[in-house]
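Report on the structure
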Amino acid sequence: MGWRGITVAKRSNQQWLNDLRAEGQPREQALADLHTILVRGLQQGLLHQINTNTPEFAALAEDFVQEALIKILDQLDSFAGRSLFTTWAHKITLHVALTELRRKRWQDHSLDGLLATDEGEYTPLLVASSSPGPAEQTEQADLMAQVQQLLLHGLTEKQRTALIALVIHGLSPEQIAAEMEMKTNAVYKLLHDARLRLRTLLEKQGLTPAQVLQAFES
Amino acid sequence: MSEPIGTDIVQRLMRHLVEIEAGKLSCQDAFALLDEYADLCCHQKEAEKIMPLVQNHLHQCPDCQAFYEALLAILQSPEGANND
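Residues numbered from 1 in each chain as written. Chains lettered and ligands numbered in written order. Predicted model: local features only at pLDDT ≥ 70, side-chain atom pairs only at ≥ 80, totals over all residues. Heavy atoms only, no water.

1. Details of the overall build of chain B
Scanning chain B from terminus to terminus reveals five helices and zero strands. Along chain B, helices (α) and strands (β) appear in the sequence α-α-α-α-α when read from the amino end. Per-residue burial for chain B yields a buried fraction of 51% across its 84 residues. Within chain B, counting contacts between residues at least 6 apart in sequence, those at least 24 apart form 58% of the total. Working note: accessible area of chain B is about 3900 Å², and carbon and sulfur atoms make up 53% of it. (Helix = DSSP H or I, 4+ residues; strand = E, 2+ residues; numbered from the N terminus. Buried < 20%, exposed > 50% of the residue type's maximum accessible area, 1.4 Å probe, protein only. Contact = heavy atoms within 4.5 Å. Areas by Shrake-Rupley, 256 points an atom, 1.4 Å probe, with all protein chains shown as cover.)

Below you can see the structure in the form of structure tokens.
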């Protein structure tokens, strides 16, 4: 890859901020260096997500880094200096890349598909747990049926879509707002109402979220 | 939508409700602190003692844990430390 072997000057946090806020050559050089650092970082960070040794990856990484650089420059004033600047920049870039990869999967499959049990439609990164016994399996199946009914019939479609987008797909309220063509404040309200409604519905069944969770984790 | 919702989805929704109720760090809160936490880990400092809420969230949230591990993979690579 073209960017391999390029030497990048090290900078302190303040030097990064100064150079990126400067005009002309210092800014251009800092942007070029940061670009190189972030592309190299993505190759490591996405190793378990996609094949990072293909020509296609270079184009994909370029897109992710360009988008991340825009965010980084936009959010420069919010960098508090509690971490290394490059760590903060890597975090933003990795988030952009994973969100885009996740969004692509989300767009490729309908919500119905995600909720369906078709194998491979949605593969969570849950830690494997030990297999429950027959009694626990029955209890879990009953609880599952109960909670499923609440989710499918107790929440509005908008509430369900927003909550699943937030919790399952990791989208931010801003991203959900864009996807659902709503204002961000309305999404916050929608999520609040969805949580409240779900908790209330569980209570009516004599359940709490912790009890349901415990039944699946026991 | 008559198809059943998977166990993993129910578990994660319930965990989300529990965390919100308990005032634990949300994924967004944890994300905001993750670069600092990762740097502490990379510099042999006791991140779990300095930032226990982040560690607790990572232990309970597989997605954030996966993100954190990807970030660590970047930082621990030979090309990861490009900051004085």
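2. Remarks on the overall build of chain A
The helix and strand inventory of chain A stands at ten helices and zero strands. Ordered by position from N to C terminus, the α and β elements of chain A give α-α-α-α-α-α-α-α-α-α. The proportion of buried residues among the 218 residues of chain A is 45%. If you take every contact in chain A between residues at least 6 apart in sequence, the share linking residues at least 24 apart comes to 63%. When the accessible surface of chain A is split by element, carbon and sulfur atoms take 49% of a total near 11400 Å².

3. Quick notes on the side chain of Asp-33 of chain A
All names here are of chain A. When you line up the elements, Asp-33 lands in helix α2 (residues 25-45). Accessibility expressed as a relative area gives 6% for Asp-33, which makes it buried. Apart from the residues within four sequence positions on either side, Asp-33 is in contact with Val-8, Ala-9, Arg-11 and Trp-16.

4. Observations concerning empty space enclosed by the protein
Residues and elements named next belong to chain B. One pass over the full model with this rule turns up one cavity of 30 Å³ or more. A volume near 40 Å³ is recorded for the largest cavity. Looking at the largest cavity, the residues that line it are Lys-24, Leu-25, Leu-53, Asn-56, His-57 and Gln-60. Within the lining of the largest cavity, the residues separate by chemical class into two nonpolar, three polar and one charged. (1 Å grid on protein atoms, 1.4 Å probe; cavity = no way out; pocket = protein on both sides within 12 Å on 5 of 7 lines; lining within 4 Å. Points joined across faces, edges and corners; volume = space filled by probe spheres on them. Nonpolar A, V, L, I, M, F, W, Y, C, P; charged D, E, K, R; others polar.)

5. Structural notes on the confidence of the model for chain A
Residues and elements named next belong to chain A. Scored by pLDDT, chain A comes out at a mean of 81, with 82% of its residues at no less than 70. Across chain A, the secondary-structure element scoring lowest on mean pLDDT is helix α5 (residues 111-115), at 39, and the one scoring highest is helix α1 (residues 13-21), at 95. Counting contacts from residues 110-130, a segment whose pLDDT is below 50, to residues more than four positions away or on other chains yields 35 contacts. (pLDDT = per-residue confidence, 0-100.)

6. So, the packing of aromatic side chains
The tally for this structure, following the rule as stated, stands at six aromatic pairs over all chains. Ring centres of Trp-16 of chain A and Phe-85 of chain A lie 5.5 Å apart, and the angle between their planes is 25°; this geometry places the pair in the stacked category. Taken together, the positions of Trp-16 of chain A in helix α1 and Phe-85 of chain A in helix α4 (residues 85-108) put the pair 69 residues apart, joining distant regions of the chain. Across the pair, Phe-85 of chain A and Trp-16 of chain A agree in class, each one buried. The interplanar angle of 45° and the centroid separation of 5.6 Å between the aromatic rings of Phe-85 of chain A and Trp-88 of chain A together place this pair among those described as tilted. Residue Phe-85 of chain A and its partner Trp-88 of chain A are both found in helix α4; the two are separated by three residues, about one turn of the helix. Judged by relative accessible area, which is 7%, Trp-88 of chain A ranks as buried. A connected cluster of aromatic rings, assembled from ring pairs, spans Trp-16, Phe-79, Phe-85 and Trp-88 of chain A. Above the plane of the ring of Phe-31 of chain B lies Lys-91 of chain A, whose end atom (NZ or CZ) is 4.6 Å from the centre. (Phe/Tyr/Trp six-rings, centres within 6.5 Å; stacked < 30°, edge-to-face > 60°. Lys NZ or Arg CZ within 6 Å of the ring centre and 35° of its normal.)

7. Quick look at unusual backbone geometry
All names here are of chain A. For Glu-181, which is not glycine, the phi torsion reads 55° and is therefore positive. Assignment of secondary structure puts Glu-181 in the loop between α8 (173-180) and α9 (184-204). For Glu-181, a relative accessible area of 74% translates into the label exposed.

8. A few points about helix α5 (residues 62-75) of chain B
Structural remark: α-helix, 3.6 residues per turn; residues separated by three or four positions point the same way. Taking 1.5 Å as the rise per residue, α5 of chain B with 14 residues should run 20 Å; its terminal C-alpha atoms sit 20 Å apart, in good agreement. By the burial criterion, the buried members of α5 of chain B are Pro-62, Cys-64, Phe-67, Tyr-68, Ala-70, Leu-71, Leu-72, Ile-74 and Leu-75 of chain B. (Expected span 1.5 Å × (residues − 1).)

9. Topic: the packing of α9 of chain A against helix α1 (residues 7-22) of chain B
Where α9 of chain A contacts α1 of chain B, the axes come no closer than 11 Å and their chain directions differ by 105°. The orientation of α9 of chain A relative to α1 of chain B falls into the category roughly perpendicular. Across the interface between the two elements, Arg-195, Leu-198, Arg-199 and Leu-202 of chain A of α9 of chain A pack against Met-14, His-16, Leu-17, Ile-20 and Glu-21 of chain B of α1 of chain B. Residues of the contact of α9 of chain A with α1 of chain B, tallied by class, amount to five nonpolar, one polar and three charged. (Axes fitted to C-alpha atoms, helices over the stretch in contact; angles between N-to-C directions. Parallel < 35°, antiparallel > 145°, perpendicular 65-115°, else oblique.)

10. Here we look at the nonpolar core
In terms of nonpolar packing, the biggest core is built from 49 residues, with Leu-20, Leu-34, Leu-42, Leu-46, Ile-72, Phe-85 and Leu-94 of chain A touching the most fellow members. Among the secondary structure elements, those contributing two or more residues to this core are α1, α2, α3 (55-74) and α4 of chain A together with α2 (27-42), α4 (52-60) and α5 of chain B. The element that contributes the greatest number of residues to this core is α4 of chain A, accounting for nine residues. The next biggest cluster of nonpolar side chains, apart from the first, holds 37 residues, and it includes Ala-215 of chain A together with Ile-5, Val-10 and Leu-17 of chain B. (Core = buried A, V, L, I, M, F, W, Y, C linked by side-chain atoms within 4.5 Å.)

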